[in-house]
Amino acid sequence: MTKRVLYLIACAAGPTQFVDEGVRQAVARGWDTCLVLTPSAARWWEPRMDELEKLTGHRVRSQYKLPSESDALPKADAMLVAPMTCTTLNKWGAGISDTLAIGLPSEAVHMGVPVLAMPYFNQAQAAQPAVARSIADLRAQGVLYLDDPEGYRAHPPKNGHPRAYPWHHALHAVGAIVSPAP
Ligand SMILES: Cc1cc2nc3c(=O)[nH]c(=O)nc-3n(C[C@H](O)[C@H](O)[C@H](O)COP(=O)(O)O)c2cc1C
């Protein structure tokens, strides 16, 4: 049986050091999982990218393709941006899609694809006025932004626990909208 396709889109936030755990959980829930990283996040995984490609069975994308290239990934049935940095949130809210990681969900949400986002940043970052504006802008476009209580709540500075990032909350929320099996 064919599986539905989930794009897991991860930014350069603490939990991305353990994004393989997020991928494992998505695969275990029955998703054909494609991983997209921001260019900054891809730098973190550069020496071990083959591990992620083995886990997903797909190329890990982090750059826009060339005009002459064809799409490397199957069409998405849902997209989950997690963990989402403060930087990606604010760029997306401002309509700047200079990374593939923003370009894909920012268009998809206006093409009927369910798009969810779960942040990971601290309370000092969250205190910037742009953050509340960007969250409101994303929600107004139809993005399901997962914060307290069903997602992630900003932690005190220097007090994050990236290993404990609740991937299961985000994946549960995706599964409540689209089932991994057609
Ligand atoms: C080791 C390290 C950990 C970081 N953790 C976070 C984080 O948890 N949340 C966040 O918003 N930014 C974090 N940053 C800052 C982002 O990586 C930085 O803003 C970057 O430009 C984000 O780009 P991206 O959103 O395209 O991945 C971290 C940076 C470093 C070097």
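Residues numbered from 1 in each chain as written. Predicted model: local features only at pLDDT ≥ 70, side-chain atom pairs only at ≥ 80, totals over all residues.

## Overview of the nonpolar core
With 49 residues, the main nonpolar core has Leu8, Ile9 and Leu80 as its most contacted residues. Sort the elements by how many residues they give to this core and strand S3 (residues 78-84) lands first, with six residues. Excluding residues that lie within four positions of it along the chain, Leu80 makes contacts with Leu6, Leu8, Ile9, Leu116, Ala170 and Val174. (Core = buried A, V, L, I, M, F, W, Y, C linked by C-beta atoms within 7 Å. Buried ≥ 20, exposed ≤ 12 C-beta atoms within 10 Å, placed from the backbone. Helix = DSSP H or I, 4+ residues; strand = E, 2+ residues; numbered from the N terminus. Contact = placed C-beta atoms within 7 Å.)

## Quick word on the sheet that holds strand S4 (residues 115-119)
If you trace the five strands from one edge of the open sheet to the other, you get S2-S1-S3-S4-S5, paired in parallel fashion. The sheet is open, and its two edges are formed by strand S2 (32-37) and strand S5 (144-145), each paired on a single side. Note that S4 and S5 share two bridges and pair parallel. In the sheet register, Leu116 faces S5, and the bridge partner there is Leu144. Contacts between helix H1 (residues 19-28) and the sheet are confined to strand S1 (5-10), S2 and S3, with S1 contributing the most and set at about 165 degrees to the helix. (Pairing = 2+ DSSP bridges. Axes fitted to C-alpha atoms, helices over the stretch in contact; angles between N-to-C directions.)

## Regarding the site of the ligand
Neighbouring the ligand are 15 residues; Cys11, Ala12, Ala13, Thr38 and Thr85 lie closest to it. Elements with a minimum of two residues in the shell around the ligand: helix H2 (39-45) and helix H4 (86-93). Ranked by residue count, the leading element in the shell around the ligand is H4, at three residues. Residue composition of the shell around the ligand, grouped by class: seven nonpolar, eight polar and no charged. (Near = placed C-beta within 6 Å. Nonpolar A, V, L, I, M, F, W, Y, C, P; charged D, E, K, R; others polar.)

## A few points about the environment of Arg61
Residue position: Arg61 is located in the loop between helix H3 (49-56) and S3. Its 20 C-beta neighbours within 10 Å are what place Arg61 among the buried residues. With 25 residues separating them in the primary sequence, Arg61 and Val36 have C-alpha atoms 4.8 Å apart. When residues no more than four places from it in sequence are discounted, the contact partners of Arg61 are Val36, Ala72, Leu73 and Leu100.

## What about H4?
By the criterion of burial, H4 is predominantly enclosed, with six of the eight residues buried. Along H4, the residues that are buried comprise Cys86, Thr88, Leu89, Lys91, Trp92 and Gly93. Turning to H4, the residues buried within the fold contact S3, helix H5 (100-108), S4, helix H6 (123-126) and helix H7 (129-141). Note on H4: the residue one or two positions beyond its end, Gly95, has a positive phi of about 80 degrees.

## So, the environment of Pro83
Note that Pro83 resides in strand S3. Residue class for Pro83 comes out buried when judged on the 27 C-beta atoms lying within 10 Å of it. Considering only alpha carbons, one finds Pro83 and Pro162, 79 residues apart in sequence, at a separation of 9.6 Å. The contacts of Pro83, once residues within four sequence positions are left out, are Ala10, Cys11, Ala13, Pro15, Thr16, Met118, Pro119, Tyr120 and Tyr165.

## As for the packing of H1 against helix H8 (residues 167-177)
It is the contact of H1 with H8, at a shortest axis distance of 10 Å, that shows an interaxial angle of 35 degrees. Between H1 and H8 the crossing geometry is right-handed. In contact with Glu21, Gly22, Gln25 and Ala26 of H1, H8 contributes Trp167, His168 and Leu171. Among the residues making up the contact of H1 with H8, the classes are represented as three nonpolar, three polar and one charged. (Left-handed = near helix turned anticlockwise from the far one by under 90°.)

## Things to note about the UniProt feature "domain: Flavoprotein" (unreviewed entry) in the protein chain
Per the UniProt record, "domain: Flavoprotein" (unreviewed entry) is found at residues 16-138. Secondary structure content for residues 16-138 is 46% helix and 15% strand, and the end C-alpha separation is 22 Å. (UniProt positions renumbered as here; feature names shortened; annotations may be inferred.)

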